[in-house]
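An overview of the molecular structure
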Amino acid sequence: MTGGHKSVRENDDKLASARRIYLQSSSYLPPSVRSSHLRQVTMVLLVMIIGDASYGQQVGTFQMFAGGCHKKGGRAHQKAANQTLRRPSALLVDEGGVLVADRIKHSLIYFPVNKHTGAAEAPRTIASDVGEHITGAAALPDGSYVIADAKVQEIKWVQTSGKVMTLAGHRMPRHMQTQEGAGVQATMRAPHGVASDEERNLFVSDALDHRIRRFDRRTGVLSFFAGSGTAGMANGRGAHAAFDSPQGITLWDGTLYVCDSNNHLLRAVDTHTGGVVSLAGQAGVAGMRDGV
């Protein structure tokens, strides 16, 4: 078998895997994702996660999302295809499209999605000079965004005007003890993921402090919410739980889902009680195997 045929076969396997995962997990997705054009976005992201992001260029089924989900498109589609990204480091999908954080350009770029074709339309820059290493983003009801900047150790609010404001944290030596506090008095080691609840309170995963933090929008206080601050693995409530490099997070229906990276686990945190349980994976065991 030639190298080219092997590549196509491997990528066909990736697409089949993406379809299987999507079908198996779609019942857990919000209705807006299951029944809208965002299904195509979900499929593209799954392909990119499973394997080579250049899959579309090799096989012709998908392109990079900045180029849309189809080979054909109009002028707006071409503008999206011509948009260059330098080390995109975080993304966020909403009803209208996809927000991408560009690590090198220090900017947030929004790609609207055509509801009829699923293709990306002409992108627009939401804000520039937003941070040095954006690792997570969350949308707020008013159309603004909150981002996590791991390098400067801050949580920032990107307003609809494009103005950027620090909500919590400040740069500090990473070996120092982290602190709770109001606004910039609080400290983090490496904020990674960020999520917002219905009341606009924020949850932040600190990958190097092995904690989940909570930002109260009314008081402006960033507090310890779950995790002991020491790498480990333990279910429990609040500081009795332990994580090892929590990174990506998302919040749905009162539960914060956490990628506990070095523990190779998917964890769930009750946003009311701070209780932590393990949902999937085997603690400390890296691998790839389906199961219940």
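Let's shift gears to the overall build of the protein chain. Counting its secondary structure elements, the protein chain contains 5 helices and 18 strands. Among the 292 residues that make up the protein chain, the fraction classed as buried is 45%. For the protein chain, long-range pairs separated by at least 24 residues make up 37% of all intrachain contacts whose partners lie at least 6 apart in sequence. With the model as given, the accessible surface of the protein chain reaches about 15,000 Å², and the carbon-plus-sulfur share is 52%.

Pairing within the open sheet is antiparallel, and its 5 strands lie in the order β14-β18-β17-β16-β15. Looking at the sheet topology across the chains shown, the edges are occupied by β14 (236–237) and β15 (246–252).

Turning our eyes to something else, we now look at the side chain of Gln159. Here Gln159 lies in the loop between β7 (154–158) and β8 (164–168). Those residues within four positions of Gln159 in sequence are excluded, and the remaining contacts are Ser144 and Met165.

Turning next to unusual backbone geometry. The residue His106 is not glycine, and still its phi comes out positive at about 55°. Secondary-structure assignment places His106 in the loop between β2 (97–102) and β3 (107–112). Among the residues examined, His106 registers a relative accessible area of 28% and is labelled partly exposed. With a phi angle near 65°, Ser245 is a residue other than glycine that sits in the positive phi range. Tracing the backbone shows Ser245 in the loop between β14 and β15. Residue class for Ser245 comes out buried when judged on its relative accessible area of 8%.

Our next topic: the packing of aromatic side chains. Evaluated as defined, the whole model comprises 1 aromatic pair. Ring centres 5.3 Å apart and planes at 70° place the aromatic pair Phe203 and Phe225 in the edge-to-face group. Placement of the pair is Phe203 in strand β11 (residues 202–206) and Phe225 in strand β13 (residues 221–226), with a sequence separation of 22 residues. On the basis of relative accessibility, which here comes to 16%, the residue Phe225 falls in the buried class. We note Arg211 situated over the ring of Phe224; from NZ or CZ to the ring centre the distance is 3.8 Å. Here Arg267 stacks its cationic end above the ring of Phe243, 4.9 Å away from the centre of that ring.

Nonpolar side chains collect at one region of the surface, where Leu266, Val277 and Leu279 lie side by side and expose about 230 Å² of accessible area between them. With respect to the element layout, Leu266 can be found in strand β17 (residues 265–270). The partly exposed category is assigned to Leu266, whose relative accessible area is 32%.

Another aspect to go through is the environment of Ala119. Its location among the elements puts Ala119 in the loop between β3 and β4 (124–128). Among the residues examined, Ala119 registers a relative accessible area of 7% and is labelled buried. Sequence separation between Ala119 and Gly97 is 22 residues; the distance between their C-alpha atoms is 9.6 Å.

The subject of this paragraph is the sheet that holds strand β5 (residues 134–139). In sheet architecture, strand pairing relies on hydrogen bonds along the backbone and comes in two forms, parallel and antiparallel. An order of β5-β6-β7-β8 is seen for the 4 strands of this open sheet, with the pairing classed as antiparallel. Two strands bound the open sheet, and with one partner strand each, they are β5 and β8. Strand-to-strand twist across the sheet, computed as the mean angle between neighbouring axes with direction ignored, equals 30°. By the bridge criterion, 5 bridges tie strand β6 (residues 145–149) to β7 in an arrangement that is antiparallel.

The rules behind these values
- Residues numbered from 1 in each chain as written.
- Predicted model: local features only at pLDDT ≥ 70, side-chain atom pairs only at ≥ 80, totals over all residues.
- Heavy atoms only, no water.
- Helix = DSSP H or I, 4+ residues; strand = E, 2+ residues; numbered from the N terminus.
- Buried < 20%, exposed > 50% of the residue type's maximum accessible area, 1.4 Å probe, protein only.
- Contact = heavy atoms within 4.5 Å.
- Areas by Shrake-Rupley, 256 points an atom, 1.4 Å probe, with all protein chains shown as cover.
- Pairing = 2+ DSSP bridges.
- Phe/Tyr/Trp six-rings, centres within 6.5 Å; stacked < 30°, edge-to-face > 60°.
- Lys NZ or Arg CZ within 6 Å of the ring centre and 35° of its normal.
- Patch = residues over 30% accessible without salt bridge, like charges linked within 9 Å, V, L, I, M, F, W, Y side chains within 5 Å.
- Salt bridge = Lys/Arg side-chain N within 4 Å of Asp/Glu carboxyl O.
- Axes fitted to C-alpha atoms, helices over the stretch in contact; angles between N-to-C directions.

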